Amino acid sequence: MVEKTQIKVDPSDPTTIPKFVDPMPIPNVVRQVNDCYPSNDNEIFYNITMRQAQHRFHRNFPLTTIFGYNGTYPGPAIEVQKDTRIKVKWENKLPSKHILPVDLTLHGTGDTQDVRTVVHLHGANVKSDSDGHPEAWYTKDNKYVGATYTREVYEYTNHQAGATLWYHDHAIGITRLNVYAGLAGFYIIRDFLEERLNLPKGEYEIPIMIQDKTFNKDGSLFYPDNSTPPVDFPVPCTPSFFFGNTIVVNGKIWPYLNVEPRKYRFRILNGSNNRAYELRLGNGGKFHQIGTDLGLLEHPVELNSFILEPAERIDLIIDFSEYKGQEIILLNDGPGIPSPGTDQVLMFKVDSNVRFPDKSTIPHNLRTVHKTDPTLAVKERTLYLGESTDHYGRVIHLLNNRMWSDPATEKVKLDTIEIWHLVNTFNFPHPIHVHLVHFNILGRKVYTDKDFDKDGNYIFDLQSLTPPLDFERGPKDVVRTEPSQVTSIVMHFKDHPGDYVWHCHILEHEDNDMMRPLIVEK
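Criteria and thresholds
Residues numbered from 1 in each chain as written. Predicted model: local features only at pLDDT ≥ 70, side-chain atom pairs only at ≥ 80, totals over all residues. Heavy atoms only, no water. Helix = DSSP H or I, 4+ residues; strand = E, 2+ residues; numbered from the N terminus. Rg over C-alpha atoms; globule rule 2.2 N^0.38 Å. Buried < 20%, exposed > 50% of the residue type's maximum accessible area, 1.4 Å probe, protein only. Contact = heavy atoms within 4.5 Å. Areas by Shrake-Rupley, 256 points an atom, 1.4 Å probe, with all protein chains shown as cover. Lys, Arg positive; Asp, Glu negative; His and termini not counted. Charge placed at Lys NZ, Arg CZ, Asp CG, Glu CD. Pairing = 2+ DSSP bridges. Axes fitted to C-alpha atoms, helices over the stretch in contact; angles between N-to-C directions. Phe/Tyr/Trp six-rings, centres within 6.5 Å; stacked < 30°, edge-to-face > 60°. 1 Å grid on protein atoms, 1.4 Å probe; cavity = no way out; pocket = protein on both sides within 12 Å on 5 of 7 lines; lining within 4 Å. Points joined across faces, edges and corners; volume = space filled by probe spheres on them. Nonpolar A, V, L, I, M, F, W, Y, C, P; charged D, E, K, R; others polar. Disulfide = S-S within 2.5 Å.

(A) Here's a closer look at the overall build of the protein. When helices and strands are counted, the protein shows three helices and 31 strands. For 522 residues, the compact-globule estimate of 2.2 N^0.38 gives 24 Å, and the C-alpha radius of gyration of the protein, at 22 Å, lies within 12% of that figure. Along the longest, intermediate and shortest principal axes, the C-alpha atoms of the protein span 80 × 55 × 55 Å. Residue burial in the protein is summarised as follows: out of 522 residues, 57% are buried. In the protein, 77% of the contacts between residues at least 6 apart in sequence involve partners at least 24 apart. For the protein, the accessible area works out to roughly 21,400 Å², and carbon and sulfur atoms hold 49% of it. Seen as two clouds, the 55 positive and the 68 negative side-chain charges of the protein have centres 4 Å apart.

(B) Spotlight on the sheet that holds strand S30 (residues 498-504). Spatially, the five strands line up as an open sheet ordered S24-S31-S30-S26-S28, and their pairing is mixed. The outermost strands of the open sheet, each flanked by one partner alone, are strand S24 (410-413) and strand S28 (478-481). The sheet shows a mean angle of 25 degrees between the axes of neighbouring strands, direction not considered. The pairing of S30 with strand S31 (residues 515-521) spans six bridges and is antiparallel. Looking across to S31, one finds that Asp499 is bridged to Ile519.

(C) Molecular detail of the packing of aromatic side chains. Scanning the entire structure with this criterion turns up 26 aromatic pairs. Measuring from ring centre to ring centre gives 5.3 Å for Tyr204 and Tyr264, while their planes differ by 75 degrees; the resulting arrangement is edge-to-face. Taken together, the residues Tyr204 in the loop between helix H2 (192-197) and strand S9 (205-215) and Tyr264 in strand S14 (residues 263-270) connect sequence positions 60 residues apart. In this structure, Tyr204 and Tyr264 share a single accessibility class: buried. Taken together, the ring pairs connect Tyr204, Tyr264, Phe266, Phe320 and Phe348 into an aromatic cluster.

(D) Expanded view of the layout of surface pockets. Of the volumes computed, that of the largest pocket is approximately 670 Å³. Along its surface, the largest pocket is lined by 27 residues, and Gln160, Ala161, Arg367, His438 and Lys494 are the ones closest to its centre. Among the residues forming the lining of the largest pocket, the class breakdown is nine nonpolar, eleven polar and seven charged.

(E) Representation of the environment of Phe192 in the model. Topologically, Phe192 is positioned in helix H2. Phe192 sits 110 residues away from Lys82 along the chain, and the two C-alpha atoms are 8.3 Å apart.

(F) Representation of the state of the cysteines. Across all of its chains, the model carries zero disulfides by this definition. Cysteine Cys237 remains unbridged, with the sulfur of Cys504 as its closest cysteine sulfur at 18 Å. Exposure remark for Cys237: the relative accessible area of 3% places this residue in the buried category.

(G) Broad picture of the sheet that holds strand S7 (residues 163-169). Across the sheet, which stays open at both edges, the four strands sit in the order S3-S8-S7-S5 with mixed pairing between neighbours. With one partner strand each, in any of the chains shown, strand S3 (75-81) and strand S5 (119-122) form the two edges of the open sheet. When strand polarity is set aside, the average angle formed by the axes of neighbouring strands in this sheet is 20 degrees. As judged from the five bridges shared by S3 and strand S8 (residues 184-190), these two strands associate in the parallel manner. Its bridge partner being in S8, Glu79 is matched across the sheet by Ile188.

Now the structure itself:
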């Protein structure tokens, strides 16, 4: 009898890691703690603590040290009803020393070497003092705090349509490290409209967070310090790009998900630092998109594939009823440094039978959408995405050739509509995120010098733009700016004045000056 050869798993070598052997976890929903904190009948209170913990990414891996909200990765999901006000106390109980290499030459990192955190609820219509401003950071037990730190308990009114939001770290200069270490979780706003639509729900509605990571041989998280090969820059030194060589879904490497032959609703988030994903089903099946970053579409869209840049979300339904007994791989055709296996994300294992009849539907009409009217814009801004070098000679990516510390130039009036023209001078895409607001993508255009006036302002012609892609036509808070193109978005700054930010959501870029202040003035 010939013995089977056992493959020795080396966490640093993705070719040795067996795929689709671990079930995909579903994030637990966090419970409120009103009994522990003073509150009134109209107030819902949560206490979420950031802790260092041990996590098993794969059944053949040793335990890995991570940072987690409530010590879990991903963090616990928060589910709230539209217009239900909640309060969250985000506590930093992390150790003073980071588990990943900290580049002490970046803005904000010289204030303290303790692990700094601040939580941004991505996509939230929220007052500025609860937005998670990058300089509102705090260390363990609030021993040290940043320049804009003003409150210990954040308040979210949830005054917006039902949508898939997510919360993640936003501390200046180390966002890329904290998110990569595990500080990310889902935040789902529900509304009564969704209930009336009879969409798949309960155990048939599943959030999916996709990230890429690299591991050392001992199973610990790897993040480059750029010391190999030797460089003339300080070490550690932040890379301009970082692509992991393994795909992690809801905290497991290349997992599988058992599904029944019926409809499922998936809320998919790209939580990666840098990697974009172009996703499709390996059997050629269809996706039925019902929503974008910040809510439902007017009508479902049938898709063969779609692109998710970092921080983008998509809300969709897959009908597995015709795939009984099949194993279907969710494939990735996206760009980025390839590695064996990064073209695969997870496997759906379709059972032969349903436990209960599937009474859910994919309605033709989802909701009435009132898009922001670009003819009502009071201002247009032409904003350039470009690069420069710092005093060490390193390439840095900038917005309008300005650094984070430069005075604010994007000052908008409360309750006004603006059109922003994002001019990407690079040869690769950048995902741009604007805090506070949702926006609509008006379109894109490959530009020439003739598209700008003598002052460099884009000469706007709505009819000349290529319309947004099929999966981008709903409310958004992140937009993919294509290389050598101008991307135009329109947004209404309403509800809250204050200090916010806008930035590239490639986290290595955001941490290294591709972020700018945004001031909403009364």
